Protein chains: 2
Amino acid sequence: MGPVMILSLDGEGPLYRQVTRALRQSIERGDLVAGERLPGTRRLAADLGVSRNIVIMAFDQLVIEGYVESRVGSGTVVADTRPMVGLSVPVKRQSESADTVKLSVEGKRLVDAAGQALDLARQPGKARYNFEYGLVEPDATSQAQWRRLMAQSIATAQFDYGHPAGEPGLREEVAKHLNNHRGLNIASDNVVIVSGSQQALDLVARLFVSPGDRVLVEEPQYQGARQAFVAAGANLLPSPVDADGMSIPEDAGRIRVAYVTPSHQFPTGVVMPAQRRFELLRWAASHGTLIVEDDYDSEFRYDSHPVQALAGLRSEAAVVYVGTFAKSLFPGLRLGYLAAPKSIANSLTRAKWLTDRCCSLPLQNALATFMASGDYRRHLRRMSRRYSQSRHALVSALNKWFGAKIEIGGGQAGIHLTVWFPELDGCMEATLIEFAMQVDCAVYPVSVYYIDQANKACPGLIMGYSSMQAADIEAAVERLATAWTPLFER
Amino acid sequence: MGPVMILSLDGEGPLYRQVTRALRQSIERGDLVAGERLPGTRRLAADLGVSRNIVIMAFDQLVIEGYVESRVGSGTVVADTRPMVGLSVPVKRQSESADTVKLSVEGKRLVDAAGQALDLARQPGKARYNFEYGLVEPDATSQAQWRRLMAQSIATAQFDYGHPAGEPGLREEVAKHLNNHRGLNIASDNVVIVSGSQQALDLVARLFVSPGDRVLVEEPQYQGARQAFVAAGANLLPSPVDADGMSIPEDAGRIRVAYVTPSHQFPTGVVMPAQRRFELLRWAASHGTLIVEDDYDSEFRYDSHPVQALAGLRSEAAVVYVGTFAKSLFPGLRLGYLAAPKSIANSLTRAKWLTDRCCSLPLQNALATFMASGDYRRHLRRMSRRYSQSRHALVSALNKWFGAKIEIGGGQAGIHLTVWFPELDGCMEATLIEFAMQVDCAVYPVSVYYIDQANKACPGLIMGYSSMQAADIEAAVERLATAWTPLFER
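As the structure is a prediction and not an experimental result, all values here were calculated from the model.

Asker: Help me out: how do you make sense of the domain arrangement of chain A in this one?
Answerer: Frequently, the measure chosen for interface size is the accessible area that the parts lose on association. Domain parsing of chain A yields domain 1 (15-92), domain 2 (108-120 + 140-376) and domain 3 (378-488). Centre-to-centre, using C-alpha coordinates, domain 1 of chain A lies 57 Å away from domain 2 of chain A.

Next comes the structure, spelled out in structure tokens:
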């Protein structure tokens, strides 16, 4: 007779797997020890009430897994599989253990930098009127087109890996778009397709910033960029935004990278005029500073046509131009692009390959077709009309209810504006938000975009209007007027 | 009279933009200097033969861009926009300049590491019979399902950013899949959805490896992993693969990470038995080494059922389990996953958020539906049958034509096997490939997967069979027999 075994099947999944699992557990528990012979397949099948083939399948599997060995003459015996026995630590499930593995210095810096950004990630909408920034949905026409495009992208897809810089057809369309609408003068091999502007910023930071390097950022600035540079170990130099955008530092020291949003400064909305643009380029060229131009919302401009991008101006300075489809299409798509001088584009392509090979081909192909057909331009025109109405409603209502009590910034472009409260103390930002919430309006602070709160002149709010209709905006601002009235009383 | 101006319109795009561009160029060229008055709109319109409104639009645009200013009493004058004049360097186009910006030390390491990988990237198929590894296409049934799923993913999509760890529905399906088929014991919050296994490896390297840290890799090893660790500055320790997979080093020093492919070693195809698995886990636990288990092709196994993953075995060692849909669905999809203890999964989620926010939502939703419906399991079964036939044809043909002249490795699983030539000198690998190409067969060297060629016992080829039918495989191996016969003659 073989050993007495207590095997209980757990009833989950195919029978042979239940038997395999039960035997494996017996061995792991030590019910069966190394060298010990397993019961015969016939007897075990009878004990378990299963067919003998089931048991044979289970034994075969355990041989493959190394738990048991088939020995000529002595049948199936347990292999020596229990090195765990020597361990003095209690056995826990994998998913609960392993807090002992520490992050590297670089890893901790990255996780810490991400932490703050993650805290700013979208929370479920909690107010009837939500002025959150960046909420974007394509309209019904574009959604219908995208349903077709996505289906078609599988029907015609290349299934293999694509070019790390992006599909040639999409790069061609992006280059055309940037040349025609942003005044660039590039070919498709200046373009790298990325998974949104955040990946572009992370790749640039990884390639050009060493720990301790100084990186110039606007104050206030886009937190996603700040954190990508901090993750790379950058020493950030905040440069105040004035009426012409980021001021040029007088600092003579080495600055590796300058990150700017000249066409609609984030979050203030200031447009940098040509003179400051040329000054910035001249300064960058003479300092050997790489300019990262983030043109995150240039597709929407209401009182004028888009200002020509820095990357389109003649200069000796190197500019990496970053753009995204998160505002012009929708954030969940996760496609963006960068345009750079060829040597830099080539390095960024290599980095893209190493970090995630390439962007999804079906998505790239759908987008390329959308752009080539002219539907993308038509989409932008329709969305622009819609946003223009919302913006007009917001500016009008704010002027009507608050007049000279507030200053509105950045309303001429994009999908948000900023509202400043020069009469109120800086600490009142939280109160403004709290009072707004009491009348079911969600508004958001500008202070999170400052490195040093001392640089903030007065309380400010960032108000996104891309997800709201004019009527709701009017109703919401009227509520805000009621809620905030006590704050202005003297 | 105002100044005499020579403006020529370039005929591209809307008229008002042609006028804007012509005026801007005049100012940049210095035809119009700061403070100088622009001609009246009426006169300019007449000179150019356009309507006056066109000229007014152009002027408005130039005001916004900062090239000109409107002054009460003196009309429109040129602003001081020419800081370029002081530069002694010749003016080049942006796309051609900027070779002066150097990569950081870290950036150069990353680009250099990527360089070699990029050279291994797919070249256009150049032979009638292509044994390239990893060529995968869904069959007609799955393609039809994916056309529907992709369309549906837009119809039902959330358009906003998703959770950085991945959509809850997809994480749930991945957790179920891993628990049922790989023996893991995890919940959905152990899972992070990534853009393919390469991103998982890059994130792990960024979080856990500091420059100079030692990382254990199999010898030979998957080059994508090697390069992700090299990019992080790792000091690689190659550990020979024997009949039981990667050998455990006797080294007592600190090793931060051990990267292994235990279920089908890449490229040799060796399956690590349970005993070695437990040894490895015990060794890792006692050294505080993080194990990265890359289970890149576990969905396809022919002579047995999948071996339980390391991450499913009870151990104190921390294991990050990495998987991909590049082999089970198709590489161009760019979706993969990792499973890790919660604290590590949380850190990786933060890193994912910082590097590219999240994976594309339409893709994630399509995949989640594909998995939840059971279509993914059915797809795997169909593909497995197809690959099994190809594999059988390849192994049979190789045995028939080469017999004892070769050794076949790793044929029991995945979508490739290795062929070794113990009778030939190591330097003959290139000759084998060259002779194969002369009979229109593309085969690929194993030597690229070795850090030290001295560790390679004899020439070896990696032969992928996922894109080839049995008849073609038979014809190809017959050709190879003819081509290689001279090499075996004594």
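Asker: How should the environment of Pro211(A) be read in this particular structure?
Answerer: Tracing the backbone shows Pro211(A) in the loop between helix 7 (197-208) and strand 5 (214-219). In this structure the C-alpha to C-alpha distance between Pro211(A) and Asp31(A), which are 180 residues apart in sequence, comes to 55 Å. The contacts of Pro211(A), once residues within four sequence positions are left out, are Arg109(A), Ala232(A), Gly233(A) and Glu106(B).

Asker: Is there a simple way to explain the interface of chain A and chain B in this structure?
Answerer: On the side of chain B, 125 residues touch chain A, which itself brings 126 residues to the contact. In total, chain A and chain B occlude about 11300 Å² of area from one another, counting both sides; carbon and sulfur atoms represent 59% of this. Counting every contact that joins chain A to chain B gives 2 salt bridges. The partner of Arg206(A) in a salt bridge is Asp202(B), and the shortest N-O contact between them spans 2.8 Å. Linking chain A to chain B there are 29 residue pairs in polar contact (both at pLDDT 80 or more). Tallying contributions element by element places helix 4 (residues 105-119) of chain A first for the side of chain A that touches chain B, with 11 residues. Here the side of chain A that touches chain B is built from residues that sort into 65 nonpolar, 32 polar and 29 charged.

Asker: Before we go on, may I ask you to explain the relation of the copies chain A and chain B in this structure?
Answerer: Each of the two chain copies can be generated from the other by rotation about an axis followed by a shift along it. With an axial shift of 0.0 Å and an RMSD of 0.1 Å, the rotation relating chain A to chain B amounts to 180°. Overall, the copies show the geometry of a two-fold rotation axis.

Asker: Got a minute to help me understand the side chain of Asp213(A) in this structure?
Answerer: Residues and elements named next belong to chain A. Relative to the helices and strands, Asp213 is located in the loop between helix 7 and strand 5. A polar side-chain atom of Asp213 sits 2.8 Å from the main-chain amide nitrogen of Ser210. With residues up to four places along the chain from it excluded, the contact list for Asp213 reads Phe208, Gly233, Ala234, Asn235 and Arg256.

Asker: So what exactly am I meant to see when it comes to helix 14 (residues 470-488) of chain B here?
Answerer: Note: α-helices contain 3.6 residues per turn, so residues at a spacing of three or four share the same orientation. Residue and element names in this part refer to chain B. Helix length check: helix 14, at 19 residues, gives a terminal C-alpha distance of 26 Å against a target of 27 Å (1.5 Å per residue), a fit within 8%. The largest bend along helix 14 reaches roughly 35° and is located at Thr482, with the proline Pro486 sitting one to four residues downstream. Listed as buried for helix 14 are Ile473, Ala476, Val477, Leu480, Ala481, Ala483, Trp484, Leu487 and Phe488.

Asker: Teacher, can you tell me more about the packing of helix 7 (residues 197-208) of chain B against helix 10 (residues 342-356) of chain B here?
Answerer: The axes of two packed helices give the description: the angle between them and the distance between them. Residue and element names in this part refer to chain B. The N-to-C vectors of helix 7 and helix 10 enclose an angle of 105°; their axes lie 10 Å apart at closest approach. Accordingly, the angle class assigned to the pair helix 7 and helix 10 is roughly perpendicular. Residue-level contacts link Gln199, Leu203, Val204, Arg206, Leu207 and Phe208 of helix 7 to Ile344, Ser347, Leu348, Ala351, Lys352, Thr355 and Asp356 of helix 10.

Asker: What is the right way to look at the sheet that holds strand 12 (residues 407-409) of chain B in this model?
Answerer: Residue and element names in this part refer to chain B. Overall, antiparallel pairing links the 4 strands, which are arranged 12-13-16-15 in an open sheet. Taken across any chain shown, the strands that pair with only one partner, and hence form the sheet edges, are strand 12 and strand 15 (444-445). Of the strands in this sheet, strand 12, strand 13 (416-420) and strand 16 (460-464) are in contact with helix 12 (residues 375-402), which crosses strand 13 at around 10°. Contacts from helix 13 (residues 429-438) reach strand 15 and strand 16, with the element oriented near 40° to strand 16.

What counts, and at which threshold
Residues numbered from 1 in each chain as written. Chains lettered and ligands numbered in written order. Predicted model: local features only at pLDDT ≥ 70, side-chain atom pairs only at ≥ 80, totals over all residues. Heavy atoms only, no water. Domains from an automatic or database assignment. Helix = DSSP H or I, 4+ residues; strand = E, 2+ residues; numbered from the N terminus. Contact = heavy atoms within 4.5 Å. Buried area = accessible area lost by both parts, 1.4 Å probe. Salt bridge = Lys/Arg side-chain N within 4 Å of Asp/Glu carboxyl O. Polar contact = N/O pair within 3.5 Å; in protein donor to acceptor, adjacent residues only side chain to side chain. Nonpolar A, V, L, I, M, F, W, Y, C, P; charged D, E, K, R; others polar. Least-squares fit on C-alpha atoms with pLDDT ≥ 70 in both. Expected span 1.5 Å × (residues − 1). Bend = angle between axes of the 7 residues up to and from the residue. Buried < 20%, exposed > 50% of the residue type's maximum accessible area, 1.4 Å probe, protein only. Axes fitted to C-alpha atoms, helices over the stretch in contact; angles between N-to-C directions. Parallel < 35°, antiparallel > 145°, perpendicular 65-115°, else oblique. Pairing = 2+ DSSP bridges.

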